[in-house]
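Report on the structure
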Amino acid sequence: MADTYTIISPENLVYKKTDLLLDNVMHYCPGCSHGTVHKLIAEVIDEMGIQESTIGIAPVGCSVLAYNYIDIDWQEAAHGRAPALATAVKRLMPDKIVFSYQGDGDLAAIGTAETIHACNRGENIVMVFINNGIYGMTGGQMAPTTLPGMPASTCPTGRDVKRDGNPLKITELLAQLPGTCFVTRHSVHTPGNVRKTKKALRKAFENQLANKGTSLVEVVSTCSSGWKMTPVQSNKWMEENMLPYYPLGDIKDE
Amino acid sequence: MAKAKGAIVVDTVTCKGCNICVSACPTQVIKLADQVNGKGYHYAYMANPDACTGCSNCAIMCPDTCITVYRVKQTSAEPTIH
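Residues numbered from 1 in each chain as written. Chains lettered and ligands numbered in written order. Predicted model: local features only at pLDDT ≥ 70, side-chain atom pairs only at ≥ 80, totals over all residues. Heavy atoms only, no water.

Within chain B, the regular secondary structure consists of 2 helices and 4 strands. The helix and strand sequence of chain B, counted from the amino end, reads β-α-β-β-α-β. Burial statistics for chain B: of 82 residues in total, 46% are counted as buried. Within chain B, counting contacts between residues at least 6 apart in sequence, those at least 24 apart form 60% of the total. (Helix = DSSP H or I, 4+ residues; strand = E, 2+ residues; numbered from the N terminus. Buried < 20%, exposed > 50% of the residue type's maximum accessible area, 1.4 Å probe, protein only. Contact = heavy atoms within 4.5 Å.)

Here it is, written out as C-alpha coordinates:
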(Lines give C-alpha, C1' and ligand atoms only; values in the text may rest on other atoms or scores of the structure.)
Protein backbone atom coordinates (compact mmCIF):
# COMPACT_ATOMS: atom_id res chain seq x y z
CA MET A 1 0.00 0.00 0.00
CA ALA A 2 1.32 3.35 -0.98
CA ASP A 3 1.50 5.86 1.79
CA THR A 4 -1.11 8.59 1.70
CA TYR A 5 1.54 11.29 1.82
CA THR A 6 3.41 9.88 -1.19
CA ILE A 7 0.19 9.83 -3.24
CA ILE A 8 -0.29 13.55 -2.76
CA SER A 9 1.94 14.80 -5.56
CA PRO A 10 1.20 16.69 -8.79
CA GLU A 11 1.58 13.68 -11.11
CA ASN A 12 -1.22 11.82 -9.31
CA LEU A 13 -3.67 14.72 -9.40
CA VAL A 14 -7.12 13.69 -10.66
CA TYR A 15 -9.36 16.52 -9.51
CA LYS A 16 -8.67 20.08 -8.48
CA LYS A 17 -10.55 23.34 -8.33
CA THR A 18 -10.67 24.83 -11.81
CA ASP A 19 -8.72 28.05 -12.30
CA LEU A 20 -11.91 29.79 -13.43
CA LEU A 21 -13.27 29.65 -9.89
CA LEU A 22 -11.82 32.59 -8.02
CA ASP A 23 -10.43 32.28 -4.51
CA ASN A 24 -13.27 34.28 -2.96
CA VAL A 25 -15.03 32.16 -0.39
CA MET A 26 -18.64 31.72 -1.53
CA HIS A 27 -21.19 33.48 0.65
CA TYR A 28 -23.67 30.63 0.27
CA CYS A 29 -24.86 28.62 3.25
CA PRO A 30 -23.09 25.31 3.89
CA GLY A 31 -24.24 22.67 1.39
CA CYS A 32 -25.94 25.10 -0.99
CA SER A 33 -26.48 23.74 -4.49
CA HIS A 34 -25.46 27.08 -5.99
CA GLY A 35 -21.81 26.34 -5.23
CA THR A 36 -21.94 23.02 -7.06
CA VAL A 37 -23.62 24.55 -10.12
CA HIS A 38 -21.16 27.48 -10.17
CA LYS A 39 -18.36 24.94 -10.19
CA LEU A 40 -19.93 22.96 -13.04
CA ILE A 41 -20.40 26.09 -15.16
CA ALA A 42 -16.79 27.12 -14.50
CA GLU A 43 -15.55 23.65 -15.44
CA VAL A 44 -17.59 23.56 -18.64
CA ILE A 45 -16.35 27.01 -19.72
CA ASP A 46 -12.80 26.00 -18.86
CA GLU A 47 -13.00 22.70 -20.77
CA MET A 48 -14.52 24.36 -23.82
CA GLY A 49 -11.87 27.10 -23.76
CA ILE A 50 -14.43 29.91 -24.03
CA GLN A 51 -13.41 31.93 -20.98
CA GLU A 52 -12.49 35.01 -23.02
CA SER A 53 -15.75 35.09 -24.97
CA THR A 54 -18.31 34.18 -22.30
CA ILE A 55 -20.58 36.73 -20.66
CA GLY A 56 -22.73 35.68 -17.71
CA ILE A 57 -25.86 37.48 -16.61
CA ALA A 58 -26.18 37.44 -12.83
CA PRO A 59 -29.69 37.49 -11.32
CA VAL A 60 -31.22 38.85 -8.16
CA GLY A 61 -31.51 36.29 -5.44
CA CYS A 62 -28.94 34.32 -3.47
CA SER A 63 -26.74 34.11 -6.55
CA VAL A 64 -26.69 37.89 -7.02
CA LEU A 65 -22.97 37.85 -6.29
CA ALA A 66 -22.20 35.10 -8.82
CA TYR A 67 -19.84 37.53 -10.58
CA ASN A 68 -17.51 37.32 -7.60
CA TYR A 69 -16.85 33.64 -8.12
CA ILE A 70 -16.35 32.80 -11.80
CA ASP A 71 -13.57 34.55 -13.70
CA ILE A 72 -15.49 35.62 -16.81
CA ASP A 73 -17.26 38.82 -17.83
CA TRP A 74 -20.56 39.40 -16.07
CA GLN A 75 -23.44 41.80 -16.12
CA GLU A 76 -25.88 42.17 -13.26
CA ALA A 77 -29.55 42.27 -14.28
CA ALA A 78 -32.54 43.79 -12.52
CA HIS A 79 -34.77 41.25 -10.80
CA GLY A 80 -36.11 38.77 -13.37
CA ARG A 81 -34.72 40.68 -16.33
CA ALA A 82 -31.73 38.43 -17.01
CA PRO A 83 -33.21 36.92 -20.23
CA ALA A 84 -33.91 40.42 -21.58
CA LEU A 85 -30.39 41.54 -20.77
CA ALA A 86 -28.96 38.33 -22.22
CA THR A 87 -30.94 39.01 -25.40
CA ALA A 88 -29.41 42.47 -25.66
CA VAL A 89 -25.88 41.26 -25.01
CA LYS A 90 -26.17 38.40 -27.49
CA ARG A 91 -27.69 40.59 -30.23
CA LEU A 92 -25.08 43.29 -29.81
CA MET A 93 -22.20 40.82 -29.61
CA PRO A 94 -23.25 37.69 -31.51
CA ASP A 95 -19.76 36.21 -31.30
CA LYS A 96 -19.94 36.05 -27.49
CA ILE A 97 -21.33 33.14 -25.51
CA VAL A 98 -24.09 34.44 -23.24
CA PHE A 99 -25.79 32.65 -20.40
CA SER A 100 -28.16 33.75 -17.66
CA TYR A 101 -28.11 32.21 -14.22
CA GLN A 102 -31.41 32.50 -12.38
CA GLY A 103 -33.29 31.15 -9.41
CA ASP A 104 -36.95 30.22 -9.32
CA GLY A 105 -38.07 33.52 -7.81
CA ASP A 106 -36.23 35.32 -10.59
CA LEU A 107 -37.06 33.14 -13.59
CA ALA A 108 -40.49 31.78 -12.65
CA ALA A 109 -42.03 34.67 -10.70
CA ILE A 110 -40.98 38.24 -11.37
CA GLY A 111 -39.28 37.43 -14.66
CA THR A 112 -41.89 35.10 -16.15
CA ALA A 113 -42.69 37.46 -19.01
CA GLU A 114 -39.05 38.01 -19.94
CA THR A 115 -38.36 34.29 -19.69
CA ILE A 116 -41.27 33.23 -21.86
CA HIS A 117 -40.68 35.85 -24.52
CA ALA A 118 -36.92 35.26 -24.70
CA CYS A 119 -37.62 31.54 -25.19
CA ASN A 120 -40.41 32.25 -27.66
CA ARG A 121 -38.16 34.48 -29.75
CA GLY A 122 -35.62 31.66 -29.70
CA GLU A 123 -32.82 33.88 -28.49
CA ASN A 124 -29.55 32.08 -28.90
CA ILE A 125 -28.69 32.01 -25.19
CA VAL A 126 -28.28 29.50 -22.38
CA MET A 127 -30.48 29.83 -19.32
CA VAL A 128 -29.50 28.06 -16.13
CA PHE A 129 -32.46 27.75 -13.79
CA ILE A 130 -31.93 26.85 -10.14
CA ASN A 131 -35.20 25.60 -8.65
CA ASN A 132 -35.28 25.11 -4.90
CA GLY A 133 -38.99 25.75 -4.46
CA ILE A 134 -38.54 28.74 -2.17
CA TYR A 135 -37.34 32.33 -2.00
CA GLY A 136 -34.03 31.56 -0.33
CA MET A 137 -32.43 34.98 0.03
CA THR A 138 -35.34 36.83 1.54
CA GLY A 139 -36.15 34.28 4.22
CA GLY A 140 -37.81 31.24 2.73
CA GLN A 141 -41.10 32.66 1.49
CA MET A 142 -43.42 30.67 -0.77
CA ALA A 143 -42.38 30.78 -4.43
CA PRO A 144 -44.38 29.80 -7.53
CA THR A 145 -42.48 26.50 -7.49
CA THR A 146 -43.25 25.62 -3.84
CA LEU A 147 -44.77 22.14 -3.68
CA PRO A 148 -48.33 21.53 -2.42
CA GLY A 149 -48.14 21.04 1.33
CA MET A 150 -44.55 22.27 1.52
CA PRO A 151 -44.10 24.65 4.45
CA ALA A 152 -42.51 28.04 3.87
CA SER A 153 -42.26 31.12 6.04
CA THR A 154 -45.36 32.67 4.42
CA CYS A 155 -47.31 29.39 4.50
CA PRO A 156 -46.12 27.71 7.70
CA THR A 157 -48.78 25.02 7.49
CA GLY A 158 -47.83 24.14 3.92
CA ARG A 159 -48.93 25.40 0.54
CA ASP A 160 -52.68 25.12 0.12
CA VAL A 161 -53.44 24.66 -3.57
CA LYS A 162 -56.95 26.09 -3.21
CA ARG A 163 -55.66 29.29 -1.69
CA ASP A 164 -52.21 29.66 -3.25
CA GLY A 165 -52.55 27.96 -6.59
CA ASN A 166 -50.55 25.16 -8.10
CA PRO A 167 -46.76 24.98 -8.38
CA LEU A 168 -45.57 26.27 -11.73
CA LYS A 169 -43.77 23.76 -13.92
CA ILE A 170 -42.19 26.46 -16.01
CA THR A 171 -39.67 24.16 -17.64
CA GLU A 172 -42.45 22.04 -19.18
CA LEU A 173 -44.17 25.27 -20.19
CA LEU A 174 -41.08 26.58 -21.96
CA ALA A 175 -40.54 23.26 -23.72
CA GLN A 176 -43.78 23.93 -25.61
CA LEU A 177 -42.33 27.01 -27.26
CA PRO A 178 -40.81 26.58 -30.71
CA GLY A 179 -37.83 28.83 -29.89
CA THR A 180 -36.29 26.47 -27.37
CA CYS A 181 -33.99 23.74 -28.67
CA PHE A 182 -32.89 22.00 -25.48
CA VAL A 183 -34.93 21.90 -22.29
CA THR A 184 -33.78 19.60 -19.56
CA ARG A 185 -34.05 19.09 -15.84
CA HIS A 186 -31.29 17.80 -13.60
CA SER A 187 -30.17 17.86 -9.98
CA VAL A 188 -26.92 17.90 -8.04
CA HIS A 189 -27.79 15.73 -5.05
CA THR A 190 -25.66 12.69 -5.98
CA PRO A 191 -22.29 12.39 -7.76
CA GLY A 192 -23.98 10.72 -10.75
CA ASN A 193 -26.48 13.54 -11.09
CA VAL A 194 -23.70 16.12 -10.84
CA ARG A 195 -21.95 14.47 -13.79
CA LYS A 196 -25.19 14.42 -15.80
CA THR A 197 -25.82 18.07 -15.04
CA LYS A 198 -22.34 18.94 -16.27
CA LYS A 199 -22.96 17.10 -19.53
CA ALA A 200 -26.26 18.95 -19.98
CA LEU A 201 -24.57 22.30 -19.37
CA ARG A 202 -21.89 21.46 -21.89
CA LYS A 203 -24.53 20.50 -24.44
CA ALA A 204 -26.39 23.76 -23.82
CA PHE A 205 -23.25 25.80 -24.48
CA GLU A 206 -22.51 23.75 -27.59
CA ASN A 207 -26.05 24.42 -28.84
CA GLN A 208 -25.35 28.10 -28.55
CA LEU A 209 -22.14 27.74 -30.54
CA ALA A 210 -24.22 25.93 -33.19
CA ASN A 211 -26.84 28.77 -33.20
CA LYS A 212 -29.66 26.40 -32.35
CA GLY A 213 -31.79 28.61 -30.11
CA THR A 214 -32.55 28.85 -26.42
CA SER A 215 -31.28 26.12 -24.14
CA LEU A 216 -32.74 25.85 -20.65
CA VAL A 217 -31.09 23.72 -18.00
CA GLU A 218 -33.13 23.46 -14.81
CA VAL A 219 -31.32 22.23 -11.73
CA VAL A 220 -33.63 21.07 -8.96
CA SER A 221 -31.72 22.09 -5.88
CA THR A 222 -31.92 22.45 -2.14
CA CYS A 223 -32.15 25.34 0.29
CA SER A 224 -31.13 23.85 3.60
CA SER A 225 -31.50 27.14 5.48
CA GLY A 226 -34.91 27.89 3.99
CA TRP A 227 -36.14 24.35 4.44
CA LYS A 228 -34.73 24.26 8.00
CA MET A 229 -32.82 21.01 7.46
CA THR A 230 -29.20 19.91 7.33
CA PRO A 231 -27.69 19.78 3.83
CA VAL A 232 -27.77 15.96 3.79
CA GLN A 233 -31.39 15.89 4.99
CA SER A 234 -32.30 18.47 2.34
CA ASN A 235 -30.82 16.31 -0.40
CA LYS A 236 -32.87 13.37 0.86
CA TRP A 237 -36.02 15.46 1.20
CA MET A 238 -35.52 16.80 -2.30
CA GLU A 239 -35.17 13.32 -3.72
CA GLU A 240 -38.32 12.12 -1.97
CA ASN A 241 -40.54 15.16 -2.50
CA MET A 242 -39.25 17.46 -5.23
CA LEU A 243 -38.22 14.87 -7.80
CA PRO A 244 -41.64 13.16 -8.11
CA TYR A 245 -43.15 16.55 -8.97
CA TYR A 246 -40.18 17.75 -11.01
CA PRO A 247 -38.99 14.57 -12.74
CA LEU A 248 -35.43 14.61 -14.05
CA GLY A 249 -34.45 14.15 -17.67
CA ASP A 250 -34.59 15.81 -21.07
CA ILE A 251 -37.96 17.37 -21.84
CA LYS A 252 -37.00 18.60 -25.28
CA ASP A 253 -33.90 17.95 -27.33
CA GLU A 254 -33.80 18.98 -30.96
CA MET B 1 -6.92 -6.08 -11.40
CA ALA B 2 -5.05 -3.00 -10.44
CA LYS B 3 -6.54 -1.38 -7.39
CA ALA B 4 -6.63 2.37 -7.20
CA LYS B 5 -5.40 4.10 -4.10
CA GLY B 6 -6.39 7.66 -3.50
CA ALA B 7 -5.98 10.56 -1.18
CA ILE B 8 -7.78 13.85 -0.70
CA VAL B 9 -6.64 17.21 0.55
CA VAL B 10 -9.32 19.38 2.13
CA ASP B 11 -8.94 23.14 2.23
CA THR B 12 -9.92 23.43 5.88
CA VAL B 13 -10.16 27.21 5.71
CA THR B 14 -12.95 27.27 3.10
CA CYS B 15 -14.71 24.05 4.20
CA LYS B 16 -18.12 24.81 5.69
CA GLY B 17 -18.68 21.38 7.23
CA CYS B 18 -21.86 20.72 5.26
CA ASN B 19 -21.33 16.93 5.49
CA ILE B 20 -22.20 16.38 1.81
CA CYS B 21 -18.78 14.84 1.04
CA VAL B 22 -19.23 12.46 3.98
CA SER B 23 -22.51 11.18 2.54
CA ALA B 24 -21.11 11.08 -1.01
CA CYS B 25 -18.08 8.93 -0.15
CA PRO B 26 -18.72 5.30 -1.12
CA THR B 27 -15.98 3.96 1.17
CA GLN B 28 -16.67 6.08 4.29
CA VAL B 29 -13.28 7.76 4.22
CA ILE B 30 -14.32 11.23 5.27
CA LYS B 31 -15.54 12.50 8.62
CA LEU B 32 -16.04 15.91 10.15
CA ALA B 33 -13.34 16.95 12.60
CA ASP B 34 -14.01 17.66 16.27
CA GLN B 35 -12.04 20.89 15.86
CA VAL B 36 -13.45 23.90 14.05
CA ASN B 37 -11.88 26.22 11.49
CA GLY B 38 -11.71 30.01 11.69
CA LYS B 39 -15.39 30.35 10.83
CA GLY B 40 -16.52 27.83 13.42
CA TYR B 41 -17.27 24.99 11.03
CA HIS B 42 -16.31 21.38 11.71
CA TYR B 43 -14.18 20.81 8.63
CA ALA B 44 -13.95 17.52 6.74
CA TYR B 45 -10.85 15.33 6.97
CA MET B 46 -9.70 11.90 5.85
CA ALA B 47 -10.52 9.73 8.84
CA ASN B 48 -9.84 6.44 7.08
CA PRO B 49 -7.15 7.13 4.44
CA ASP B 50 -6.53 3.47 3.57
CA ALA B 51 -10.03 3.04 2.13
CA CYS B 52 -9.81 5.98 -0.28
CA THR B 53 -9.97 4.98 -3.94
CA GLY B 54 -9.62 8.47 -5.39
CA CYS B 55 -13.06 8.32 -7.05
CA SER B 56 -13.52 12.14 -6.77
CA ASN B 57 -17.17 11.81 -5.72
CA CYS B 58 -16.56 14.00 -2.67
CA ALA B 59 -14.78 16.65 -4.70
CA ILE B 60 -17.41 16.95 -7.43
CA MET B 61 -20.16 17.16 -4.81
CA CYS B 62 -18.39 19.75 -2.66
CA PRO B 63 -20.31 23.03 -3.06
CA ASP B 64 -17.26 25.05 -2.09
CA THR B 65 -14.80 23.02 -4.20
CA CYS B 66 -12.38 22.70 -1.30
CA ILE B 67 -11.33 19.09 -2.01
CA THR B 68 -8.39 18.10 -4.23
CA VAL B 69 -8.09 14.44 -5.20
CA TYR B 70 -5.01 12.35 -5.99
CA ARG B 71 -4.91 8.77 -7.20
CA VAL B 72 -2.37 6.09 -8.06
CA LYS B 73 -3.00 2.70 -9.58
CA GLN B 74 -1.59 -0.06 -7.43
CA THR B 75 -0.16 -2.84 -9.53
CA SER B 76 -0.62 -6.18 -7.85
CA ALA B 77 2.30 -8.59 -7.43
CA GLU B 78 0.89 -10.90 -10.11
CA PRO B 79 0.21 -8.98 -13.30
CA THR B 80 -3.18 -9.78 -14.79
CA ILE B 81 -3.99 -9.87 -18.47
CA HIS B 82 -6.98 -7.84 -19.66
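To continue, consider the packing of aromatic side chains. Residue and element names in this part refer to chain A. By the definition in use, this model includes 5 aromatic pairs over all chains. With centroids separated by 5.6 Å and ring planes inclined at 70°, the aromatic side chains of phenylalanine 99 and phenylalanine 205 adopt a geometry described as edge-to-face. A residue pair is termed long-range when its members are at least 10 positions apart, and phenylalanine 99 in strand β4 (residues 97-103) and phenylalanine 205 in helix α8 (residues 191-209) qualify at 106 residues. Classification of phenylalanine 205 as buried rests on a relative accessible area of 0%. For the pair tyrosine 245 and tyrosine 246, a centre-to-centre distance of 5.2 Å together with 80° between the ring planes defines the contact as edge-to-face. What links up through ring pairs into an aromatic cluster is the set Trp74, Phe99 and Phe205. Its guanidinium or amino end placed over the ring of tyrosine 245, lysine 169 lies 4.5 Å from that ring's centre, counting from NZ or CZ. (Phe/Tyr/Trp six-rings, centres within 6.5 Å; stacked < 30°, edge-to-face > 60°. Lys NZ or Arg CZ within 6 Å of the ring centre and 35° of its normal.)

This part covers the sheet that holds strand β3 (residues 73-76) of chain A. All names here are of chain A. Strand order across the open sheet formed by 7 strands is β3-β2-β4-β5-β9-β8-β10, with mixed pairing between neighbours. Edge positions in the open sheet fall to β3 and β10 (249-253), since each of these has one partner strand only. Taking each pair of neighbouring strands and ignoring which way they run, the sheet shows an average axis angle of 15°. Here strand β2 (residues 54-58) runs beside β4; their pairing, made up of 4 bridges, is parallel. Across the sheet, residue isoleucine 55 finds its bridge partner in β4, namely valine 98. Docked against the sheet, α8 engages β4, β5 (126-131), β8 (180-187), β9 (214-220) and β10, running at close to 165° with respect to β8. (Pairing = 2+ DSSP bridges. Axes fitted to C-alpha atoms, helices over the stretch in contact; angles between N-to-C directions.)

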